[in-house]
Amino acid sequence: MSDFTKYQALGNDYLVIDPLRVDFTATAQTVRLLCDRHLGVGADGVLIGPTAEPRPGEPVGLRIFNSDGSPCEKSGNGLRMFALYLAEHYGAGPVRPEEPAETSVVLRTVAGDSRADILDFAEGRVRVEMGVPAFATDAPVGLTAGARHLDVIGLHLGNPHTVVPLDEVSADLARELGPLIAWHPAYPEGTNVQFLSVLDRGTIRIEVWERGAGYTLASGSSACAATAAAHRLGLVGEHVVVEMAGGTMEVSVGEQGEITMTGTAEQVATGDFSPAFRARLGQGVPA
Ligand SMILES: N[C@@H](CCC[C@H](N)C(=O)O)C(=O)O
């Protein structure tokens, strides 16, 4: 059994560490070192799970960390990756990779339960029910970031998001304004930030600045938050393709406002920590 398994979803990458199979204590320090792209393995975050032996029909727990070592409540891409991890490593327990069309599992994070269905195991295509967003206000509110006065929409989808609708968006803009908004005094717990441009009623483009991870090529919960905000503003219909720097994802808004996302994820690598790195992680070297 490897120490870690690395996944990516549209360029948003996470390491899965399985506490049932690997002795690893997650702290802000160990997660930061693991995610460091120069000193560690490198990732936007870490998924620690399953937190208990998976049992058929029961939710499977996981803990999620950002690359800066902070814990986070939810990650849309992370949930898709973790559903694949369970299918690949626990097979016929909670999920059944031999019957991909029927493979499903309920994933439990501190944000609650999310049902994940593996629609196509070979393609890594997974659908996740992300819940109903809670909007902070009915209409956009003004926010000053640097020299810019912006109208933003705040919402919670298990984790916090702030959507900034604009005519055009770019990675440079996200890198410039993202950190100012993510840690703006208006958001004491920080926020993930989506710069949103509506291309037509079925397509949006977003650039993402993640709380705890910075600029990322894609974010599942961000895609859902931006779609929910655009839908609330009446700018898009119920089914939306979300374009991000790392690729596209589909997001749907249900009759009660419930958000469902569908997208791909893939395993990139498995690996073992060297004894020296394990010692630097402070985890001790296995005998
Ligand atoms: N990449 C994620 C979002 C991860 C959580 C976020 N950085 C937070 O602190 O809430 C996704 O795919 O949703």
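About the cut-offs
Residues numbered from 1 in each chain as written. Predicted model: local features only at pLDDT ≥ 70, side-chain atom pairs only at ≥ 80, totals over all residues. Helix = DSSP H or I, 4+ residues; strand = E, 2+ residues; numbered from the N terminus. Rg over C-alpha atoms; globule rule 2.2 N^0.38 Å. Buried ≥ 20, exposed ≤ 12 C-beta atoms within 10 Å, placed from the backbone. Contact = placed C-beta atoms within 7 Å. Pairing = 2+ DSSP bridges. Axes fitted to C-alpha atoms, helices over the stretch in contact; angles between N-to-C directions. Near = placed C-beta within 6 Å. Domains from an automatic or database assignment. Expected span 1.5 Å × (residues − 1). Arc of directions from axis to C-beta. Nonpolar A, V, L, I, M, F, W, Y, C, P; charged D, E, K, R; others polar. Core = buried A, V, L, I, M, F, W, Y, C linked by C-beta atoms within 7 Å. UniProt positions renumbered as here; feature names shortened; annotations may be inferred. Parallel < 35°, antiparallel > 145°, perpendicular 65-115°, else oblique.

### Some points on the overall build of the protein chain
The helix and strand inventory of the protein chain stands at five helices and 20 strands. In terms of C-alpha radius of gyration, the protein chain reaches 18 Å, essentially the compact-globule figure of 19 Å for 287 residues. Viewed in the frame of its principal axes, the protein chain has a C-alpha envelope of about 60 × 40 × 25 Å. Residues classed as buried in the protein chain amount to 44% of the 287 residues present. In the protein chain, the share of contacts with a sequence separation of at least 24, taken over all contacts with a separation of at least 6, comes to 63%.

### A short note on the sheet that holds strand β3 (residues 45-48)
Across the sheet, six strands lie side by side as β6-β5-β3-β2-β1-β20; this open sheet has mixed pairing. Strand pairing shows two members of the sheet lacking a second neighbour, β6 (71-72) and β20 (266-271), which therefore form its edges. With five bridges joining them, strand β1 (residues 4-9) and β20 adopt antiparallel strand pairing. Bridged to F4 within β20 is G271. The sheet strands contacting helix α2 (residues 76-90) are β1, β2 (12-17), β3, β5 (63-66) and β20, and the helix crosses β1 at an angle near 135 degrees.

### Examining the site of the ligand
The full set close to the ligand counts 18 residues, and C72, N77, N159, G220 and S221 are the nearest of them. Of all the secondary structure elements, the ones that give two or more residues to the shell around the ligand are α2 and α4 (220-232). Here the shell around the ligand gathers at least three residues from each of two domains, domain 1 (4-130 + 266-280) and domain 2 (134-257).

### Things to note about helix α3 (residues 171-182)
Helix length check: α3, at 12 residues, gives a terminal C-alpha distance of 15 Å against a target of 16 Å (1.5 Å per residue), a fit within 8%. Within the sequence span of α3, burial applies to A174, L177, G178, I181 and A182. In a view along the axis of α3, the buried residues occupy a sector of 130 degrees, so they form one face of it. Tucked into the core, α3 has its buried residues touching β11 (141-145), β12 (148-156), β13 (160-165), β14 (192-200), β15 (203-210) and β16 (214-216).

### Focus: the domain arrangement of the protein chain
Accessible area lost upon the coming together of the parts is a frequently used measure of interface size. Per the domain assignment, the segments of the protein chain are domain 1 (4-130 + 266-280) and domain 2 (134-257). Between domain 1 and domain 2, the C-alpha centre-to-centre distance is 24 Å. Tallying the contact residues gives 20 residues for domain 1 and 20 residues for domain 2. Broken down by element, the residue count for the side of domain 1 that touches domain 2 peaks at three residues, all from α2. Looking at the side of domain 1 that touches domain 2 residue by residue, the class counts come to five nonpolar, 10 polar and five charged.

### A closer look at the nonpolar core
By size, the foremost hydrophobic cluster in this structure holds 70 residues, and its most contacted members are V16, V46, M81, F82, A83 and A226. It is α2 that provides the largest number of residues to this core, a total of eight residues. For this core, the two domains that each supply at least three residues are domain 1 (4-130 + 266-280) and domain 2 (134-257).

### Looking at the UniProt feature "binding site: substrate" (unreviewed entry) in the protein chain
This chain's UniProt record puts "binding site: substrate" (unreviewed entry) on N12, N66, G76, N77, N159, N192, E210, R211, G220 and S221. Structurally, N12 can be placed in strand β2. Beyond its immediate stretch of four places on either side in the chain, N12 contacts D44, N77, T216, L217, A218, S219 and G246. By secondary structure assignment, the location of G76 is in helix α2.

### So, unusual backbone geometry
Looking along the chain, the bond that leaves G49 and enters P50 is cis, with omega of 0 degrees. When you line up the elements, P50 lands in the loop between β3 and β4 (60-61). With phi around 55 degrees, L10 is a residue other than glycine that occupies positive phi space. Its place among the elements puts L10 in the loop between β1 and β2.

### Topic: the packing of α2 against α4
Between α2 and α4, the least distance of the axes is 4 Å, while the angle of their chain directions is 130 degrees. One finds that α2 runs oblique with respect to α4. On α4, the residues that touch G76, N77 and R80 of α2 are G220, S221, A223 and C224. Along the lines of polarity and charge, the residues of the contact of α2 with α4 split into two nonpolar, four polar and one charged.

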